[in-house]
Amino acid sequence: METEEILKLLGFVVSLAGGLWGVMRYLLGRIEALDQSVGQKVVRIHERIETVQKEFVRKDELLPHLERIEKAQDRTNQRIDELFRQVMKYQTENPSCKKALP
């Protein structure tokens, strides 16, 4: 082989290597940009999930409170029923009451 052919071959290899290096840099840059974009979206999604977890109460956590309210309502209803029975009893024992309950 002559020197001129070796230089041409060496130039071809160097230009091929430079082209591959440029393409790889471009592709790695695109992959990194895409990774950052997706990473930011994932961070925003996790922030939304954390916000929902902090600000909203699960239904399971409300059950004891609802049961307590229902028991209090039942006691109030029992007291109202007892009061109504006493009023009706008083009204039947004292017919001279002017106002009658419906």
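See the structure above.
Bear in mind the structure is a predicted one, so any value in this text is a computation, not a measurement. (Residues numbered from 1 in each chain as written. Predicted model: local features only at pLDDT ≥ 70, side-chain atom pairs only at ≥ 80, totals over all residues. Heavy atoms only, no water.)

Draft legend 1. The overall build of the chain, seen in detail. For the chain, the helix and strand inventory stands at 2 helices and 0 strands. Taking 2.2 N^0.38 as the reference for a compact globule, 102 residues should give roughly 13 Å; the C-alpha atoms of the chain span a radius of gyration of 43 Å, well beyond that estimate. Counting only C-alpha atoms, the chain reaches 135 × 20 × 15 Å along its principal axes. Split into buried and exposed, the 102 residues of the chain put 1% on the buried side. Here the chain has roughly 10200 Å² of accessible surface; of this, 61% comes from carbon and sulfur atoms. (Helix = DSSP H or I, 4+ residues; strand = E, 2+ residues; numbered from the N terminus. Rg over C-alpha atoms; globule rule 2.2 N^0.38 Å. Buried < 20%, exposed > 50% of the residue type's maximum accessible area, 1.4 Å probe, protein only. Areas by Shrake-Rupley, 256 points an atom, 1.4 Å probe, with all protein chains shown as cover.)

Draft legend 2. Just the pattern of salt bridges, in detail. Across all of its chains, the model carries 2 salt bridges by this definition. We note a salt bridge from Lys8 to Glu4, for which the minimum N-O separation is 3.8 Å. Linking Lys8 with Glu4, this pair stays in helix H1 (residues 3–55), spanning 4 residues, or about one helical turn. (Salt bridge = Lys/Arg side-chain N within 4 Å of Asp/Glu carboxyl O.)

By themselves, these figures tell us nothing about what the structure is for.
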